[in-house]
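# Structural overview
Listed below are the residues making up each chain.
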Amino acid sequence: MRKKFTEKQIHILDIAEELIAKKGYEGTSVRDICSKANINVAMISYYFGSKEKMMSYLYQYRVLKTRENFSEFADTIKDGKPEMQMKEIIKYIVSQLFKYNYFHGFVTQELRHTENLKDELMDFYQLFVKKLDEVIKKGVASGVFTFTPKPEDILTTIIGSTLFVIRNRNFYELYVPNKNEETYAKEAEKKVKMNLLMSVFAILGYAAD
């Protein structure tokens, strides 16, 4: 992390992320960020170039932090049964996508012309694929899983389903029970997790005891 970002940049990015999570990208001004970070406006240009370029840095920073967190998370579950590991990985990915949902529109647009971000994302996805492959093979070898789907297809199912829900709230909220403005995200995340657990374990041919 420190090889890519200075401590001052990290401080500014943490503040920017906090504000954007609450107010959205368009609703967060450079002046808002600078005021909370206790810096002058010129410092954004000095450290990042512009608000748009700062978002590119913020995306890279978020990917790196999440990658580090996932590595630590994967290490804590490495000795668990394959069905437990698969369940926790699914829940982890969905939780992260909901937690940082405000990135998705920006990322879709920015990735079209930023090779550096594409590389960061590619490495990140491959980390998940490698872990999923390990868990699938462990489950098949132990007889817990009957089938051996491709790990990249499992990841596609998890991410694709979750992003569809995040990007299509007007549709999905019709099917989310017990919701209001404050609880919708929590209830939607819970529903997505339950659906994916059923779907992925069916694809794996999970044979419960």
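Residues numbered from 1 in each chain as written. Predicted model: local features only at pLDDT ≥ 70, side-chain atom pairs only at ≥ 80, totals over all residues. Heavy atoms only, no water.

Identification of the protein as Transcriptional regulator, TetR family from Chryseobacterium taeanense is taken from an unreviewed UniProt entry.

## Description of the packing of aromatic side chains
Considering all chains together, one arrives at 15 aromatic pairs under this definition. Geometrically, the ring pair formed by Tyr 46 and Tyr 47 is edge-to-face, given 4.9 Å between the ring centres and 80° between the ring planes. Relative to Tyr 92, the ring of Phe 73 has its centre 4.6 Å away and its plane inclined at 15°; by these criteria the two rings are stacked. A residue pair is termed long-range when its members are at least 10 positions apart, and Phe 73 in helix α4 (residues 51–77) and Tyr 92 in helix α5 (residues 82–99) qualify at 19 residues. Its relative accessible area of 15% is what places Phe 73 among the buried residues. Given a relative accessible area of 12%, Tyr 92 falls into the buried group. Above the ring of Tyr 100, the side-chain terminus of Arg 62 is found at 3.9 Å from the ring centroid. (Phe/Tyr/Trp six-rings, centres within 6.5 Å; stacked < 30°, edge-to-face > 60°. Helix = DSSP H or I, 4+ residues; strand = E, 2+ residues; numbered from the N terminus. Buried < 20%, exposed > 50% of the residue type's maximum accessible area, 1.4 Å probe, protein only. Lys NZ or Arg CZ within 6 Å of the ring centre and 35° of its normal.)

## Some details on the UniProt feature "domain: HTH tetR-type" (unreviewed entry) in the protein
Per the UniProt record, the feature "domain: HTH tetR-type" (unreviewed entry) sits at residues 6–66. Structurally, residues 6–66 comprises 77% helix and 0% strand, and the distance from its first C-alpha atom to its last is 18 Å. (UniProt positions renumbered as here; feature names shortened; annotations may be inferred.)

## As for the side chain of Glu 189
Position of Glu 189 relative to the elements: it lies in helix α10 (residues 184–204). Not counting the four nearest positions on each side in its chain, Glu 189 is found in contact with Val 94, Ser 95 and Phe 98. (Contact = heavy atoms within 4.5 Å.)

## Brief notes about a nonpolar patch on the surface
On the surface, Phe 164, Phe 171, Leu 174 and Tyr 175 cluster together into a nonpolar patch covering about 450 Å² of accessible area. Position of Phe 171 among the secondary structure elements: in helix α9 (residues 169–172). The class for Phe 171 is partly exposed, based on a relative accessible area of 39%. (Patch = residues over 30% accessible without salt bridge, like charges linked within 9 Å, V, L, I, M, F, W, Y side chains within 5 Å. Areas by Shrake-Rupley, 256 points an atom, 1.4 Å probe, with all protein chains shown as cover. Salt bridge = Lys/Arg side-chain N within 4 Å of Asp/Glu carboxyl O.)

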